[in-house]
Protein chains: 2
Amino acid sequence: MADHNALPLVILAEKFASLPGIGMKSAQRLAYHVMSMSSEEVEDFAKALTDAKKNVHCCKCCQNLTEREVCPICDDPERDRSVICVVENPKDVTAFERTREYGGVYHVLHGLLSPMDGITPDKLRVKELLARIAEGGVEEVIMATNPTVEGDATAMYIAGLLKPMGIKVTRLAFGLPVGGILEYADEVTLFKALENRNDM
Amino acid sequence: MADHNALPLVILAEKFASLPGIGMKSAQRLAYHVMSMSSEEVEDFAKALTDAKKNVHCCKCCQNLTEREVCPICDDPERDRSVICVVENPKDVTAFERTREYGGVYHVLHGLLSPMDGITPDKLRVKELLARIAEGGVEEVIMATNPTVEGDATAMYIAGLLKPMGIKVTRLAFGLPVGGILEYADEVTLFKALENRNDM
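Residues numbered from 1 in each chain as written. Chains lettered and ligands numbered in written order. Predicted model: local features only at pLDDT ≥ 70, side-chain atom pairs only at ≥ 80, totals over all residues. Heavy atoms only, no water.

As recorded in an unreviewed UniProt entry, chain A goes by the name Recombination protein RecR, listed as coming from Ruminococcus flavefaciens 007c. The heading Sequence similarities (unreviewed entry) in the UniProt record of chain A holds the text "Belongs to the RecR family." On record in UniProt, under Function (unreviewed entry), the comment for chain A is "May play a role in DNA repair. It seems to be involved in an RecBC-independent recombinational process of DNA repair. It may act with RecF and RecO." (UniProt positions renumbered as here; feature names shortened; annotations may be inferred.)

The following block contains the structure:
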């Protein structure tokens, strides 16, 4: 924003622009929008920001974000504690919960291995996962990281740690997305779909 | 966000989603991003919100947003006070200032006439414009509202008020955008470009 703009507006636009996926132009529009909100709405927004940061932390069991000590999923007696689905981040838990088909529990790694970026196993919540499994009762660990280089590497690394402990480790199936069009599928997806074909 | 999500995160995502151009999915991503910011950064963001709302108000002269009593443009002795450029909102002032070619002052209407939506002249800063002109010294008023139905109607309405006061009222030129491709210009733009053609 140029010199003639009010400094508090420039600062606010910069804060918005520091968020992912918001460019400087959108940030300016958002800053102007804040000016059109009532003082009460702005106070509520500011409070929502600090409240979320202050009151939300990682579940001491699955590491998902929660405002309680143990998250509602870990706390649910109907959940099957013998199956742990390992995901990269809390968004992935939401994605699985939307299917309404998974009855086990989760473990959130808060990242994927990427040694080039300095993300080594000690930066992820891997030891918390090992500690949960060491407590016993876990039969299967589903590696549900993304089908990317980092996702695959993380899944392979954790599988390597768990297999000697006698745990069954599985990986999400890769293949054609439901409703997808064969013609537009990329080669690797099509190859995986062919390789993992099922009897009818 | 689903039941299992931490309530403060759900509230924060809803606040983000209430901003223009941010859908629920982006809002959730932003809420999660806030969790990865430091407490200090979040406090700064919250403070930027409330500071902007508290300290920024309309310039008593041109109605642009500023944290001072009179904005830097109205306060600049080098600005030509005899020319007023009338714009819809503060963003338009920034757009004109970027050209570095305009040396006059501005007047921000904070909206455009739209009787269907209940936006009548008394909802805009029209009487403030008339008061400025009544003080004398103004020779030309440039109507720089958008070339839309509302923008044109607002320009026509204000021109109708100013002409009897002996003020020269002008409108921004319409034509092909510089660097634009003739083939892709819409019919109305092309017609305007033809109608307003200049001698070479």
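Draft legend 1. Examining the packing of helix α2 (residues 24-36) of chain A against helix α5 (residues 90-99) of chain B more closely. Packing of α2 of chain A against α5 of chain B leaves a shortest axis separation of 10 Å and a crossing angle of 140°. Our classification of the angle between α2 of chain A and α5 of chain B gives oblique. Contacts between α2 of chain A and α5 of chain B involve Lys25, Arg29 and Tyr32 of chain A from the former and Pro90, Lys91, Thr94 and Arg98 of chain B from the latter. Of the residues assigned to the contact of α2 of chain A with α5 of chain B, the class counts are two nonpolar, one polar and four charged. (Axes fitted to C-alpha atoms, helices over the stretch in contact; angles between N-to-C directions. Helix = DSSP H or I, 4+ residues; strand = E, 2+ residues; numbered from the N terminus. Parallel < 35°, antiparallel > 145°, perpendicular 65-115°, else oblique. Contact = heavy atoms within 4.5 Å. Nonpolar A, V, L, I, M, F, W, Y, C, P; charged D, E, K, R; others polar.)

Draft legend 2. Spatial organisation of the relation of the copies chain B and chain A. In the superposition of chain B on chain A (RMSD 0.1 Å, axial shift 0.1 Å), the rotation amounts to 180°. Given the turn and translation reported, the copies of this chain are related as if by a two-fold rotation axis. No C-alpha of chain B approaches the rotation axis more nearly than that of Ala46 of chain B, which lies at 2.2 Å. The fraction of interface residues of chain B whose copies in chain A are also interface residues reaches 100%, indicating that both copies meet through the same surface. (Least-squares fit on C-alpha atoms with pLDDT ≥ 70 in both.)

Draft legend 3. Representation of a negative patch on the surface within the structure. A contiguous patch of negative charge on the surface is contributed by Glu40, Glu41, Glu43 and Asp44 of chain A. Secondary-structure assignment places Glu40 of chain A in helix α3 (residues 39-55). (Patch = residues over 30% accessible without salt bridge, like charges linked within 9 Å, V, L, I, M, F, W, Y side chains within 5 Å. Areas by Shrake-Rupley, 256 points an atom, 1.4 Å probe, with all protein chains shown as cover. Salt bridge = Lys/Arg side-chain N within 4 Å of Asp/Glu carboxyl O. Lys, Arg positive; Asp, Glu negative; His and termini not counted. Charge placed at Lys NZ, Arg CZ, Asp CG, Glu CD.)

Draft legend 4. Focus on the interface of chain B and chain A. With 50 residues of chain B at the contact, the number on the chain A side is 50 residues. Summed over both partners, the interface of chain B with chain A buries about 4,600 Å², with 74% contributed by carbon and sulfur atoms. Sorting the residues of chain B by area buried against chain A places His4, Leu49 and Lys53 of chain B first, and these three jointly supply 16% of that buried surface. Of all the elements in the fold, those that place two or more residues in the side of chain B that touches chain A are α1 (7-17), α2 (24-36), α3 (39-55), β2 (65-66), α4 (72-75) and α5 of chain B. (Buried area = accessible area lost by both parts, 1.4 Å probe.)

Draft legend 5. Here's a closer look at the sheet that holds strand β4 (residues 104-108) of chain B. Residues and elements named next belong to chain B. Here four strands make up an open sheet; going across it, the order is β4-β3-β5-β6 and the pairing parallel. A strand with exactly one partner marks an edge of an open sheet, and here the two such strands are β4 and β6 (168-171). Across the sheet, the mean angle from the axis of one strand to that of its neighbour is 25°, orientation sign disregarded. Inspection of the sheet shows strand β3 (residues 80-87) paired to β4 by five bridges, in the parallel sense. If you follow Val87 over to β4, its bridge partner there is Val108. Where helix α6 (residues 126-134) meets the sheet, its contacts fall on β3, β4 and β5 (140-143), and the angle it forms with β4 comes to roughly 150°. (Pairing = 2+ DSSP bridges.)

Draft legend 6. A look at the packing of aromatic side chains. What the rule picks out here adds up to eight aromatic pairs over all chains. Relative to Tyr102 of chain B, the ring of Phe96 of chain B has its centre 6.4 Å away and its plane inclined at 55°; by these criteria the two rings are tilted. By the burial criterion, Phe96 of chain B is buried, and Tyr102 of chain B matches it. Here the aromatic residues Phe96, Tyr102 and Tyr106 of chain A are joined through ring pairs into a cluster of three or more. (Phe/Tyr/Trp six-rings, centres within 6.5 Å; stacked < 30°, edge-to-face > 60°. Buried < 20%, exposed > 50% of the residue type's maximum accessible area, 1.4 Å probe, protein only.)

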